[in-house]
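Breakdown of the fold
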Amino acid sequence: MGVGKSTVGQLLAERLGVGYRDTDDDIVAEQGRAIAEIFVDEGEPAFRAIEKRAVLRALAEHQGVLALGGGAVLDEDTRTALTGQRVVYLSMDVEEAVKRTGLNAARPLLAVNPRKQWRELMEARRHLYEQIATAVVATDGRTPEEVTRAALDALELKTASPGGQPPDPRPEDVMASQVTRIQVGGTAGSEPYEVLVGRQLLGELGTLIGDRVKRVAVIHPEALAETGEALRADLVGQGFDAVAIQVPNAEEAKTAEVAAYCWKALGQSGFTRTDVVVGVGGGATTDLAGFVAATWLRGVRWIAIPTTVLAMVDAAVGGKTGINTAEGKNLVGAFHPPAGVLCDLAALDSLPVNDYVSGLAEVIKAGFIADPAILDLIESDPEAARTPAGPHTAELIERSIRVKAEVVSSDLKESGLREILNYGHTLGHAIEKNERYKWRHGAAVAVGMHFAAELGRLAGRLDDATADRHRTILEAVGLPLHYRYDQWPKLVENMKVDKKSRGDLLRFIVLDGLAKPTVLEGPDPAVLLAAYGEVGQ
């Protein structure tokens, strides 16, 4: 799995001037569903029976290059049918395998603990691979073209043509080296760090942790129990003394009680200043993990592995950590930048649509305050923007992270420029508190941006076209624009304890124009009410 057989198979077929066929593709076409779905719905034995039929049919019909699924040779009849054929076994070691496959739900047999399960699968299969192979070709450290040449040489086959362009590899065969690295500069005595964006990033975690670390704590929400345990077991396999700490889902994790529970776990594990905390999950989990790391022994290193759009573009970048209190959101916290952030886009593939869309609020915010190209990309196809399968997903996330990285690199502790990242958040946080944090953060911020746009318009700061653009783009992706009109008095009281307030003076981030954020201090209460009149229902 992940060895690159599809890419190499297509290259071989092209070099030999013959056709290419993949039994996995045959199965998907016949069944009308992904292989992972067959595993979940019917179990592995049922899938193997389907696979056996597909392999025997392909061997009878096809005369070119044929790629088989990694488990096809488990069947004795299949092994018998391969007798007399030229069979190439593409091999790789476990470290390379984990880099290429990672925590990928599309690979059902590697869904929980990739490193351990890959080893077990290989122990069960290697002798079968070697038994039927005409040639064994190692793929570690080789490009697909180099593997293809090695296979041709091993089989002593001559190519039909000397060159030819390689086909586009399938996404699952793309090497882990294709990663975008975004630098976040260190300020106020903090070290610079990198945000990595790509797929199959699991292999990067050990490098970020470092070889001088003994203990690692993986803080994860209940909803990601299997992922948290997979990371813990993987780290143990790398020689670390790792523990998994499960916390409640979403905002319920951001309490003093949960933080105290994490501190207790660190104490019982003998955590020292040279050890590392890893936070895997959404924004609430990374906020909590960063706060626990900031406060344990007055600060230990931590690494964020965000699994939602919101966490990737906002919560996990910038070093703002914290928990909520009854009086408001994020009122207790610390500025404690991570040692690194791994944004594995594969984590978004299984994200519920409402959670994915909620995260787009922070992406849209980055477009309005700094990078209008984000808005153009979303407006070009709003429906595609609502799904991780959209053509611009990686670019939207990377652009949003770059906006935040640039801001926090020059203002870690929110003494000036960093306030612009709170566009839409003053009212948004007030709504969240009023709803006892049952509303999604992105939904509340969307309403907050609508309010900020109307406030900027009524204050004579923002042109009508840009103000109206807020409504159209937020609505186009399915984010809310309105909140209850009768709650305005409560929202005003909530906003008075916002972190940007000075005494009783309310302060809002508004726009002087597209990508021109500024601060509006102490607006007339009548103007505030009029702006909310456009939002309230």
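Look up: the structure comes first, before these words.
Calculation notes
Residues numbered from 1 in each chain as written. Predicted model: local features only at pLDDT ≥ 70, side-chain atom pairs only at ≥ 80, totals over all residues. Heavy atoms only, no water. Salt bridge = Lys/Arg side-chain N within 4 Å of Asp/Glu carboxyl O. Helix = DSSP H or I, 4+ residues; strand = E, 2+ residues; numbered from the N terminus. Axes fitted to C-alpha atoms, helices over the stretch in contact; angles between N-to-C directions. Parallel < 35°, antiparallel > 145°, perpendicular 65-115°, else oblique. Contact = heavy atoms within 4.5 Å. Core = buried A, V, L, I, M, F, W, Y, C linked by side-chain atoms within 4.5 Å. Buried < 20%, exposed > 50% of the residue type's maximum accessible area, 1.4 Å probe, protein only. Patch = residues over 30% accessible without salt bridge, like charges linked within 9 Å, V, L, I, M, F, W, Y side chains within 5 Å. Areas by Shrake-Rupley, 256 points an atom, 1.4 Å probe, with all protein chains shown as cover. Pairing = 2+ DSSP bridges. Right-handed = clockwise from strand over helix to strand, strands pointing away. Phe/Tyr/Trp six-rings, centres within 6.5 Å; stacked < 30°, edge-to-face > 60°. Polar contact = N/O pair within 3.5 Å; in protein donor to acceptor, adjacent residues only side chain to side chain. Left-handed = near helix turned anticlockwise from the far one by under 90°.

**Remarks on the pattern of salt bridges**
According to the stated counting rule, one finds 36 salt bridges in the structure shown. Across the pair E435 and R484 runs a salt bridge whose closest N-O atoms are separated by 3.0 Å. Taken together, the residues span a long stretch of sequence, with E435 in the loop between α18 (425-434) and α19 (441-458) and R484 in the loop between α20 (464-476) and α21 (488-495) at a distance of 49 residues. Across the pair E454 and R457 runs a salt bridge, and its minimum N-O distance is 3.2 Å.

**With respect to the packing of helix α3 (residues 35-42) against helix α4 (residues 44-61)**
Relative orientation of the contacting elements α3 and α4 amounts to 130°, with a least axis distance of 7 Å. In terms of orientation, α3 and α4 fall into the oblique class. Where α3 abuts α4, its residues I35, I38, F39 and E42 lie against E44, A46, F47, R48 and I50.

**A few points about the nonpolar core**
Soluble globular proteins tend to pack their nonpolar side chains together in the buried interior. Within the largest apolar cluster, 75 residues are counted, with the highest numbers of intra-cluster contacts made by V195, L288 and I364. By residue number, the principal contributor to this core is helix α14 (residues 353-369), which donates nine residues. In contact with V195, other than residues within four places in its own chain, are T180, R181, I182, V184, V317, V341, C343 and I401. Counting residues in each nonpolar core, the second largest holds 20 residues, with V492, V510, L520 and L528 among its members.

**Topic: a nonpolar patch on the surface**
Nonpolar side chains collect at one region of the surface, where L331, V332 and V497 lie side by side and expose about 190 Å² of accessible area between them. Exposure remark for V332: the relative accessible area of 33% places this residue in the partly exposed category.

**Description of the pairing of strand β9 (residues 276-281)**
For a regular strand, the rule is simple: side chains alternate between the two faces of the sheet. β9 sits mainly inside the fold: six of its six residues count as buried. Side-chain alternation along β9 places V276, V278 and V280 on one buried face and V277, G279 and G281 on a second face that is also buried. In this structure, strand β7 (residues 215-221) lies alongside β9, joined through four bridges in parallel fashion. Among the inter-strand pairings, A217 is bridged to a residue of β9, identified as V277. Of the strand pairs in this sheet, β9 and strand β10 (residues 301-306) are connected by six bridges, and their pairing is parallel. Paired with V276 across the two strands is R301, which belongs to β10. After leaving β9, the chain enters helix α12 (residues 283-295) and then returns to the sheet as β10, a path that is right-handed.

**Comments concerning the pairing of strand β12 (residues 328-335)**
Direction of pairing for strand β11 (residues 320-325) relative to β12: antiparallel, over a ladder of five bridges. Of the residues in β12, the one forming a bridge with K320 is F335. The loop that links β11 with its antiparallel partner β12 comprises two residues.

**Focus: the sheet that holds strand β8 (residues 241-247)**
Each strand in a sheet pairs with another by means of backbone hydrogen bonds, the pair being arranged parallel or else antiparallel. Pairing is mixed in the open sheet, where seven strands are placed in the order β5-β6-β13-β10-β9-β7-β8. Every other strand in the sheet has two partners, leaving β5 (180-184) and β8 as the edge strands with one partner each. Neighbouring strand axes in the sheet, compared pairwise and without regard to direction, differ in orientation by 15° on average. Of the pairings in the sheet, the one linking β5 to strand β6 (residues 193-198) comprises five bridges and is antiparallel in character. Following the sheet pairing, T180 is matched in β6 by V197. This element, helix α11 (residues 256-268), spans β7, β8 and β9 of the sheet and lies at about 160° to β8.

**Things to note about the packing of aromatic side chains**
Within the structure shown, the criterion is met by eight aromatic pairs. For the pair Y89 and Y129, a centre-to-centre distance of 5.0 Å together with 40° between the ring planes defines the contact as tilted. Of the two residues, Y89 is situated in strand β3 (residues 88-91) and Y129 in helix α7 (residues 114-132); the sequence distance between them amounts to 40 residues. Under the relative-accessibility criterion, Y89 is labelled buried at 9%. By way of ring pairs, the aromatic residues F451, Y485, W488, F508 and Y532 are connected into one cluster.

**Some thoughts on the environment of N494**
Tracing the chain through its elements places N494 in helix α21. Residue N494 is classed as buried on the basis of its relative accessible area of 13%. Distance in space between the C-alpha atoms of N494 and T426 is 9.1 Å, their sequence separation being 68 residues. Those residues in contact with N494 that sit more than four places away from it in its chain are A430, K433 and N434. A polar atom in the side chain of N494 sits 3.1 Å from the backbone oxygen of A430.

**What to know about unusual backbone geometry**
Backbone geometry places A250, a non-glycine residue, at a positive phi of 55°. Relative to the assigned elements, A250 resides in the loop between β8 and α11. You will see that L297, though not glycine, has its phi angle at about 55°, which is positive. Checked against the element boundaries, L297 lands in the loop between α12 and β10.

**Brief notes about the packing of α11 against α12**
For the pair α11 and α12, the least separation of the axes is 10 Å and the interaxial angle reads 55°. Relative to α12, the element α11 is oriented oblique. With respect to the hand of their crossing, α11 and α12 are arranged in right-handed fashion. Contact residues: α11 offers V258, A259, C262, W263 and L266, while α12 offers L288, F291, V292 and T295.

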